[in-house]
Amino acid sequence: MTAKLKLEILGTGTSTGVPIPSCPCRVCGSDNPKNKRLRASAFFSFGDGNNVLIDTSPDLRQQALRSSLDRISAVLYTHTHADHTFGIDDLRSFNFIQRESIPVYATEKSTEHLMKSFTYCFETDPDYEGGAPPRLELKHLDPKKELDLGFGKIMPIPVLHGRMEVLGFRAGSIAYVTDCSDIPQKSMELLKGLDVLVLDGLRVRPHPTHLTIAQAVEILEELSPKQAYITHLSHEVEHEEGNALIASLSSRNIELAYDGLVID
Ligand SMILES: [Zn+2]
Ligand SMILES: [Zn+2]
Ligand SMILES: [Zn+2]
């Protein structure tokens, strides 16, 4: 089953996306398609249309249109910052085509936030006439337990995003860890023996809730996956220059991720 496993990267941008509207900087004005980054999201494909979407970015519709995401079996939330959740309404389109509700897995804290921000998705409101809200089934995600979806298994990886605990996810030997400033030792253990790790690395300057590229490289040196990609990138990072910086810091297979990257 895991032979068919792949991870498709839908967006590698930080919360604003890149380019930032009206920003005059050279990265925002760049013609290189790898400098155009939608908001951070990805999906695991287990084959046979069993796709597990990680987060619902505000760019979800556009991401679905330009990727191979044609069906969603489940949604897993890393956390509930706006750049990871505000595309939730676009799940409706998948409801229409699939003619079924979609299970949405979130931790207790994330569930609380989702219920507050998107009440109309989870509670019937007689005043919200028409508009057809998405049909979602909220399910509890235990951050300490492997999730068995029937067609595949996913291990949540608790990491720190500033002071907040958020989740990365590992399926087989591929892991996706966005929005992260530190990885506790227990979770480092869960990230050993990987073929591919996708890890946060916002920019060169320090940030209170994200790893810098150099900090990400340091962690990748320790974990030594066969291949690694850095994601959730700001407009301060130019694709080719970022890769040159990484090459100057490490001889491992580490590169900047880009939208549309398919890992299998
Ligand atoms: Zn984010
Ligand atoms: Zn810019
Ligand atoms: Zn975040």
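See above for the structure.
A. Highlighting the overall build of the chain. Of regular secondary structure, the chain possesses eight helices and 14 strands. Its C-alpha atoms give the chain a radius of gyration of 18 Å, within 12% of the compact-globule value 18 Å for 264 residues. Burial status across the chain gives 44% buried among its 264 residues. The long-range share in the chain, meaning contacts at least 24 apart out of those at least 6 apart in sequence, stands at 63%.

B. Representation of the sheet that holds strand S12 (residues 227-231) within the structure. Ordered by their spatial adjacency, seven strands build an open sheet running S7-S8-S9-S10-S11-S12-S13, and the pairing between neighbours is mixed. Each edge of the sheet is formed by a strand with only one pairing partner; in this case those strands are strand S7 (147-148) and strand S13 (254-256). Here helix H7 (residues 213-223) sits on the sheet in contact with strand S11 (196-200), S12 and S13, set at roughly 150° to S11.

C. Structural context of the environment of Val198. Summarising the element assignment, Val198 is placed in strand S11. Expressed as a C-alpha distance, the spacing of Val198 and Pro225, which sit 27 residues apart in the sequence, is 9.8 Å. Apart from residues no more than four positions distant in its own chain, Val198 is found in contact with Ile9, Tyr176, Val177, Tyr229, Thr231 and Ala257.

D. Fine view of the pairing of strand S9 (residues 164-171). Burial of S9 is extensive: six of the eight residues sit out of reach of the surface. Note that strand S8 (residues 153-161) and S9 share seven bridges and pair antiparallel. Directly across from Leu160, in S9, lies its bridge partner Glu165. The turn joining S8 and S9, which pair antiparallel and follow one another in sequence, is formed by two residues; a positive phi near 70° is taken by Gly162. Hairpin connection, S9 to strand S10 (residues 174-177): the antiparallel pair is bridged by two residues, and Gly172 has positive phi, about 55°.

E. Geometry of the nonpolar core. Val75, Leu76, Phe169, Ala175, Val177, Leu197 and Leu199 are the most contacted members of the largest nonpolar core, which has 61 residues in total. If you tally residues by element for this core, the top one is H7, at five residues. Those residues in contact with Leu199 that sit more than four places away from it in its chain are Val177, Cys180, Ala216, Ile219, Leu220, Ala228 and Ile230.

F. Molecular detail of the packing of H7 against helix H8 (residues 239-249). Relative to each other, H7 and H8 sit at 45°, their axes nearing to 10 Å. Classified by the interaxial angle, the pair formed by H7 and H8 is oblique. Helix-helix and strand crossings are classified by hand; for H7 and H8 the assignment is right-handed. On the side of H7, the interface is formed by Ile213, Ala214 and Val217, while H8 contributes Gly242, Leu245, Ile246 and Leu249.

G. Focus on H8. Those residues of H8 lying buried are His239, Gly242 and Ile246. Buried residues of H8 fall within an arc of 65° about the axis and therefore sit on the same side. The exposed set on the far side of H8, more than 90 degrees from its buried face, consists of Glu240, Glu241, Ala244, Ala247 and Ser248. Elements in contact with the buried residues of H8: H7 and S13.

H. Looking closely at the environment of Leu194. As for its placement among the helices and strands, Leu194 is situated in the loop between helix H6 (185-190) and S11. Through-space distance from the C-alpha of Leu194 to that of Ala175 is 7.4 Å; in sequence the pair is 19 residues apart. Once you skip the residues sitting within four places of it in the chain, Leu194 turns out to touch Ser173, Ile174, Ala175, Leu223 and Pro225.

About the criteria used
Residues numbered from 1 in each chain as written. Chains lettered and ligands numbered in written order. Predicted model: local features only at pLDDT ≥ 70, side-chain atom pairs only at ≥ 80, totals over all residues. Helix = DSSP H or I, 4+ residues; strand = E, 2+ residues; numbered from the N terminus. Rg over C-alpha atoms; globule rule 2.2 N^0.38 Å. Buried ≥ 20, exposed ≤ 12 C-beta atoms within 10 Å, placed from the backbone. Contact = placed C-beta atoms within 7 Å. Pairing = 2+ DSSP bridges. Axes fitted to C-alpha atoms, helices over the stretch in contact; angles between N-to-C directions. Core = buried A, V, L, I, M, F, W, Y, C linked by C-beta atoms within 7 Å. Parallel < 35°, antiparallel > 145°, perpendicular 65-115°, else oblique. Left-handed = near helix turned anticlockwise from the far one by under 90°. Arc of directions from axis to C-beta.

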